[in-house]
Amino acid sequence: MSKRVHSGFVAAAFGCLGFGFGAVALTAQVALSPQTMPGMARVDPRFVSYNIEAVEITGGRFWKPYSDEVRQRLAASVSQGPGKANGLAGLDQNLFQYRPPINLANSKLRNLSAALGPAYIRVSGTWRNTTYFQDDDAPALQQPPAGYKGVMTRAQWKGVVDFARATGGAIVTSVAIGDGARNTDGSWNPESARGLFEYTRHIGGHIAAAEFMNEPTYYLAGGAPRGYSAKTFATDVRTFRAFLKEASPQTIFLGPGSVGEGVEMTPANAPKQPVLRAEDLLQASGPVFDVFSYHFYGTISHRCAAMLGPAAGTTLEQALTSDWFARNTAVEEFYAKLRDTYLPGKELWLTETGQSGCGGDAWAATFADSFRYLDQLGTLAQRGVKTVMHNTLASSDYGLLDEETFDPRPNYWAALLWTRSMGTTALSPGVKETGDLHLFAHCAKGNQGGVTLLVLNTSASTVDTLRLPVAGEVYTLTATELQSRNVMLNGVELRANADGTLPALTAKKTAAGQVQFAPRSISFLLLPTVHNKNCMRQ
């Protein structure tokens, strides 16, 4: 079947391959040359990473998962659940559900998480901005101190450190920045963070990287003091940097950690929150950050649509479209430009992302979202973004794991296959899209000279536009329907064992020549014998 080929790389990537930006579309089949694919960028070995929200550690109210009924009709649930802790001010509390603290010692959770390692484990989120660290061994305070909305105990934080150690994780976090963490003159007091860093060191842990606050763009919803400004932020981050250099000099200082720019996340007629632009924050603060960090959601979920209007969220029909995937690229380009202007030469980290904000849409937990997730990983790797921290590991609809059972969702299996097969060097395959195929290439993980291709077939038809010069092995993910919460590998349903150990992931052999890709499928093709010179030092 003949498909049109569209260029999607930057002009520089095409130059050495004889393609030009906006190259004429081809109608013949595409013969790939994996043995000569040039390198584009290198990513962190912890490229595939994830978030555990601070409110999961402490227990509290987080985005309520859609019930089966709500998944069908996208209506709001009204069950309150126990407790009052940690709901976000200004939002309908029916959107939230109380959760007890997550059990990070659970063997199933640890085994499944270790299989994704090594990874960054980011413990942050909006709730972290107003969470008090109780630096003693007494039972948790019944009420947080004035100016705080939640309490994290030593035992809970030790659970994070132990979990990271057991799973090959490196901890990323942020600190409290609300009224309770401030001096009488409104300035941020580093003593509010000192206990956390000192206790971490005392128990043999390490905080690999830290943002000052979660999402300063939406400072008011995040619990910052009223009247917070770019000038206040600049003073705060300079104080935090000085504290960090003294208390934990090996910790990477990330910032600004902004979100909601580059694309419109909400309808034009939606009520607007006060926003601090990332550019204003960077102009005020100067080059204080070691790494430029940002957050990305393509939209907000239908969970919040009642507040923001019917145009909020996206639909299942949009889930596999290039326009939906391109929102990720637009936001990366927006923040990369700011990085180049204000922090030239610094790495770019995506420290929080998911299908959509407000806990994800109803289909965030299904196979449909795996196409967006893997397109995001492939595109950002090509652009040199060092790590992508998915929100969340196991909470609400965008979690990699079901929060009740810890059973893997489709995005978990997608992340696992990426982690096992894609090395740290992103290659240029020569084309970004060939018809309905989205194509990415990396040096194969653990295989000197080998190449792994990632092919997303978003079409409802079989596609056979690619030709390979050598034989290989293929791992293909499919589902009975896009909204399925179960996924099959080469036709066999994937299920973790009760203890979180994984089944054998068995490849199928594929011959040299024309390759077929099943309708709406995701394929990882390992080509171990191509001897790509750019992949000889993996």
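Residues numbered from 1 in each chain as written. Predicted model: local features only at pLDDT ≥ 70, side-chain atom pairs only at ≥ 80, totals over all residues. Heavy atoms only, no water.

A. Region of interest: the sheet that holds strand β11 (residues 207-211). Pairing in this closed barrel of eight strands is parallel, and the strands run β4-β7-β10-β11-β12-β13-β14-β15 around the ring. Strand-to-strand, the axes of this sheet are offset by a mean angle of 30°, without reference to chain direction. Alignment of strand β10 (residues 169-173) against β11, held across three bridges, turns out to be parallel. By the bridge assignment, Thr173 is partnered in β11 with Ala210. (Pairing = 2+ DSSP bridges. Helix = DSSP H or I, 4+ residues; strand = E, 2+ residues; numbered from the N terminus. Axes fitted to C-alpha atoms, helices over the stretch in contact; angles between N-to-C directions.)

B. Quick peek at the side chain of Ser113. Its place among the elements puts Ser113 in helix α4 (residues 107-114). When near neighbours in sequence (up to four residues on either side) are disregarded, Ser113 contacts Tyr50, Phe163, Thr167 and Leu393. (Contact = heavy atoms within 4.5 Å.)

C. Summary view of the environment of Gln448. Here Gln448 shows up in the loop between β18 (437-444) and β19 (451-457). Counting along the chain gives 88 residues from Gln448 to Met536, while the straight-line C-alpha distance between them is 4.6 Å.

D. The nonpolar core, seen in detail. In terms of nonpolar packing, the biggest core is built from 109 residues, with Trp157, Phe212, Tyr294 and Trp418 touching the most fellow members. Among all residues touching Trp157, those that are not within four sequence positions of it are Val123, Phe133, Met152, Ile171, Thr173, Leu196, Tyr199, Thr200 and Ile207. One finds Leu427, Leu437, Leu466 and Phe517 within the second-largest nonpolar core, a separate group that totals 23 residues. (Core = buried A, V, L, I, M, F, W, Y, C linked by side-chain atoms within 4.5 Å. Buried < 20%, exposed > 50% of the residue type's maximum accessible area, 1.4 Å probe, protein only.)

E. A look at the pairing of strand β15 (residues 388-391). Of the two faces of β15, the one holding Val388 and His390 and the one holding Met389 and Asn391 are both buried throughout. Relative to β15, strand β4 (residues 48-51) runs parallel, the two sharing four bridges. Counted as the bridge partner of Val48 is Val388 from β15. As for the winding sense of the linkage, the β-α-β connection from strand β14 (residues 348-354) through helix α11 (residues 368-382) to β15 is right-handed. (Right-handed = clockwise from strand over helix to strand, strands pointing away.)

F. Expanded view of the environment of Gly255. Along the chain, Gly255 falls in strand β12 (residues 252-258). For the pair Gly255 and Ser293, spaced 38 residues apart in sequence, the C-alpha separation works out to 4.9 Å. For Gly255, the residues in contact, after removing those within four places along its chain, are Phe289, Val291, Phe292, Ser293 and Leu343.

G. Layout of the sheet that holds strand β20 (residues 463-468). The three strands lie next to each other as β2-β20-β25, forming an open sheet whose pairing is mixed. What marks the edges here is a single partner per strand, and that holds for β2 (30-31) and β25 (513-517).

H. Up close: the side chain of Gln355. Within the fold, Gln355 resides in the loop between β14 and α11. Within the structure, the side chain of Gln355 is placed 2.8 Å from the side chain of Ser356, a separation counted as a polar contact. Within the structure, the side chain of Gln355 is placed 2.6 Å from the backbone nitrogen of Asp361, a separation counted as a polar contact. Beyond its immediate chain neighbours, meaning those up to four positions away, Gln355 contacts Gly298, Thr314, Trp324, Gly360, Asp361, Trp363, Ala364, Asp369 and Arg372. (Polar contact = N/O pair within 3.5 Å; in protein donor to acceptor, adjacent residues only side chain to side chain.)

I. Quick peek at the packing of α11 against helix α12 (residues 410-421). Relative to each other, α11 and α12 sit at 30°, their axes nearing to 9 Å. When the interaxial angle is binned, α11 and α12 end up roughly parallel. Two packed elements cross with a definite hand, and for α11 against α12 that hand is right-handed. Side by side, α11 and α12 meet where Asp369, Ser370, Arg372, Tyr373, Leu374, Leu377, Gly378 and Ala381 of the first sit next to Pro410, Asn411, Ala414, Ala415 and Trp418 of the second. Among the residues making up the contact of α11 with α12, the classes are represented as eight nonpolar, three polar and two charged. (Parallel < 35°, antiparallel > 145°, perpendicular 65-115°, else oblique. Left-handed = near helix turned anticlockwise from the far one by under 90°. Nonpolar A, V, L, I, M, F, W, Y, C, P; charged D, E, K, R; others polar.)

J. Summary view of the confidence of the model for the protein. On average, residues of the protein carry a pLDDT of 89, and 87% of them reach 70 or more. The low-confidence segment residues 1-27 (pLDDT under 50) makes 55 contacts with residues lying over four places distant or belonging to another chain. Across residues 69-85, confidence stays below pLDDT 50; counting only partners more than four residues off in sequence or on other chains, it has 30 contacts. (pLDDT = per-residue confidence, 0-100.)

K. Layout of the packing of helix α8 (residues 278-285) against helix α10 (residues 322-342). At their nearest, the axes of α8 and α10 sit 11 Å apart, and the two run at 15° to each other. Relative to α10, the element α8 is oriented roughly parallel. Considering only the axes of α8 and α10, their crossing is right-handed. Of α10, the residues touching α8 (which contributes Ala278, Glu279, Leu282 and Gln283) are Tyr335, Leu338 and Tyr342. Considered class by class, the residues forming the contact of α8 with α10 number five nonpolar, one polar and one charged.

L. A look at the pattern of salt bridges. Summed over all chains, the structure comprises 22 salt bridges. The salt bridge partner of Asp137 is Arg154, with a shortest N-O separation of 3.2 Å. Here Asp137 is found in the loop between β8 (131-134) and β9 (150-153), whereas its partner Arg154 is found in helix α5 (residues 154-167), with 17 residues between them in sequence. According to the relative accessible area criterion, Asp137 is exposed, its value standing at 65%. Taking the shortest distance from any N to any O, the salt bridge between Lys158 and Asp162 comes out at 2.8 Å. Of this pair, Lys158 and Asp162 both sit in helix α5, four residues apart, which is roughly one turn of that helix. By relative accessible area, which is 22% here, Asp162 ends up partly exposed. (Salt bridge = Lys/Arg side-chain N within 4 Å of Asp/Glu carboxyl O.)

M. Looking closely at the packing of aromatic side chains. Applying the stated criterion across every chain yields a total of 24 aromatic pairs. Seen from their ring centres, Phe133 and Tyr199 are 6.1 Å apart, and the 40° between their planes marks the pair as tilted. Within this pair, whereas Phe133 is found in strand β8, its partner Tyr199 is found in helix α6 (residues 191-202), the two being separated by 66 residues in sequence. Comparing Phe133 with Tyr199, the two get one shared label, buried. For the ring pair Phe292 and Tyr335, a centre distance of 6.1 Å and an interplane angle of 50° mean the geometry is tilted. Within this pair, whereas Phe292 is found in strand β13 (residues 291-297), its partner Tyr335 is found in helix α10, the two being separated by 43 residues in sequence. Lying across the ring of Tyr66, Arg303 places its NZ or CZ 4.2 Å from the centre. (Phe/Tyr/Trp six-rings, centres within 6.5 Å; stacked < 30°, edge-to-face > 60°. Lys NZ or Arg CZ within 6 Å of the ring centre and 35° of its normal.)

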